[in-house]
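Given next are the chains, with one letter for each unit.
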Amino acid sequence: MTGLLVSVLGGVLSAVSGWLAVPWGDWAAAGTGPVTAPQPVPDTTPHSFSVDLRFATPAAEEIMSMQTRPPVHPDPGTALYASAGPIPTVTTTQMTEVDRAMVEDYGISLLQMMENAGRALAGQARRQLGGSVMGQRITVLCGAGHNGGGGLVAARRLQDWGAQVEVTLVRHPDGYHGVPQHQLRILQALGRSVRGGGLPSSGAALIIDALIGYGLNSAPRGHAADLLHWANHQAAPILALDTPSGIEVSEGQVFQPAIHAAATLTLALPKRGFLNPEVQPLLGALLLADIGVPPELYLRMGLKVPGIFATQETVPLSWHQDSGHPGVAETPAHQDDPAPLNSTRTA
Ligand SMILES: NC(=O)C1=CN([C@@H]2O[C@H](COP(=O)(O)OP(=O)(O)OC[C@H]3O[C@@H](n4cnc5c(N)ncnc54)[C@H](OP(=O)(O)O)[C@@H]3O)[C@@H](O)[C@H]2O)[C@@H](O)CC1
Ligand SMILES: [K+]
């Protein structure tokens, strides 16, 4: 109840003073206790669902045709590879369809996917920090959408594993809804510190960028833009979730500001815009994480996806000049631990 008062008071203060100017600081600092138990996420899963393996709907046909549509700024002949072979790239429209089909056609909820994404992100952070996060300082920047929700999961797991995690929200907790709000309430119930309204402390060993993913709708603005600027000027390397925030992932448009990542952990499949040569330096090392999309779904969308995760749940991707015959091009050597410890940022 105390935490609820703090939260409500924070909202009132924000409304009166403008919370960006007056940081509301610790939202659920240790000792304030849980506010409310995490509320169950509304079950949007249909109780019965059928799986149609044919392309029957206009939407599916449109998705299929997009497969053959080239990106606006392609790097001719360049393709992305995992050790399993060439990997298809997807647009925002296709990823939205993946999300829809996961939930509506197969009953795999967003909460399940987000938990997979956040755990993979935490695991990648642990690898980049040398195999243990015990006592390590990590800053996690969390937007209010599903990208931010993945960041909140990663923050929780990293704290579980012994890291000192500073979570910075892009907006007041009252502005979080749906599954990200659910993830936030879990941290709140655990009495973990979540901060917002200002800039994080400097000096972390790693910064996680979970501000904006494929939901970017224009050049980053407001406090998100402030946090992107802040992150790019830190000494710590940045690990980006799904995409460096500030990049439009279908065509690879780079907005200002955009995150300059040391490594990017992209989810399910790499995004089409990553083929844009202007985007590649901002990605750093590119890794692909399994969030549980079944091959049946890719098959329906006409996507040829090899057994990418046969040996591990996160795999490195690399760019190779395509021979023009996908599937017979030279396959890159497998890298066991591709993520660098040092930032490759220039800004
Ligand atoms: N199957 C999958 O792949 C899964 C994907 N998942 C993840 O979900 C991500 C997509 O989630 P999403 O659709 O919620 O959008 P997301 O990227 O969080 O952005 C929306 C937020 O950003 C904000 N915002 C937007 N533009 C802005 C701007 N210019 N400047 C400032 N703010 C801006 C926008 O604010 P608003 O405009 O509403 O005020 C809103 O709060 C995806 O990349 C992946 O990481 C996993 O969680 C689960 C499985
Ligand atoms: K991001």
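From a predicted model like this one, the values you see are computed outputs, not experimental measurements.

### Re the confidence of the model for the chain
For the chain, the average pLDDT comes to 79, and 70% of its residues sit at 70 or higher. When the criterion is pLDDT under 50, residues 28-37 qualifies, and its contacts beyond four places in sequence or with other chains add up to 20 contacts. Contacts from residues 43-73, a stretch scored under 50 in pLDDT, to residues over four places away or in other chains number 40 contacts.

### Structural notes on the environment of Ala285
Within the secondary structure, Ala285 sits in strand β11 (residues 285-289). Along the sequence, Ala285 and Leu265 sit 20 residues apart, while their C-alpha atoms lie 8.4 Å from each other.

### Things to note about the packing of helix α4 (residues 110-128) against helix α6 (residues 178-189)
Packing of α4 against α6 leaves a shortest axis separation of 10 Å and a crossing angle of 55 degrees. The angle between α4 and α6 falls in the class oblique. Helix-helix and strand crossings are classified by hand; for α4 and α6 the assignment is right-handed. Counted together, Leu110, Leu111, Met114 and Glu115 of α4 and Val179, Pro180, His182 and Gln183 of α6 form the full contact between these two elements.

### What about the coordination of the potassium ion (ligand 2)?
For the potassium ion (ligand 2), the full set of protein donor atoms is Asn147 (OD1), Asp209 (O), Ile212 (O), Leu241 (O), Thr243 (O) and Ser245 (OG), and the range of their distances to it is 2.7 to 3.2 Å. The site at the potassium ion (ligand 2) holds six donor atoms, and with the angles between them running 63 to 168 degrees, its shape is irregular. Under the relative-accessibility criterion, Asp209 is labelled buried at 0%. Residue Ser245 is classed as buried on the basis of its relative accessible area, which comes to 0%.

### A look at the pattern of salt bridges
Applying the stated criterion to the full structure yields eight salt bridges. Measuring nitrogen to oxygen at the nearest pair gives 3.8 Å for the salt bridge that ties Asp160 to Arg157. Taken together, the positions of Asp160 and Arg157, both in helix α5 (residues 146-160) and three residues apart, correspond to about one turn of that helix. The class for Asp160 is partly exposed, based on a relative accessible area of 42%. Its relative accessible area of 22% is what places Arg157 among the partly exposed residues. A salt bridge links Arg192 to Asp160; the shortest N-O distance between them is 2.8 Å. Residue Arg192 is found in the loop between α6 and β5 (194-196), and its partner Asp160 is found in helix α5; the two are separated by 32 residues along the sequence. For Arg192, a relative accessible area of 19% corresponds to the buried category.

What counts and what doesn't
- Residues numbered from 1 in each chain as written.
- Chains lettered and ligands numbered in written order.
- Predicted model: local features only at pLDDT ≥ 70, side-chain atom pairs only at ≥ 80, totals over all residues.
- Heavy atoms only, no water.
- pLDDT = per-residue confidence, 0-100.
- Contact = heavy atoms within 4.5 Å.
- Helix = DSSP H or I, 4+ residues; strand = E, 2+ residues; numbered from the N terminus.
- Axes fitted to C-alpha atoms, helices over the stretch in contact; angles between N-to-C directions.
- Parallel < 35°, antiparallel > 145°, perpendicular 65-115°, else oblique.
- Left-handed = near helix turned anticlockwise from the far one by under 90°.
- Donors = N, O, S within 2.8 Å, 3.2 Å for Na, K, Ca; no water.
- Tetrahedral: all angles 85-135°; square planar, octahedral: opposite > 155°, others 65-115°.
- Buried < 20%, exposed > 50% of the residue type's maximum accessible area, 1.4 Å probe, protein only.
- Salt bridge = Lys/Arg side-chain N within 4 Å of Asp/Glu carboxyl O.

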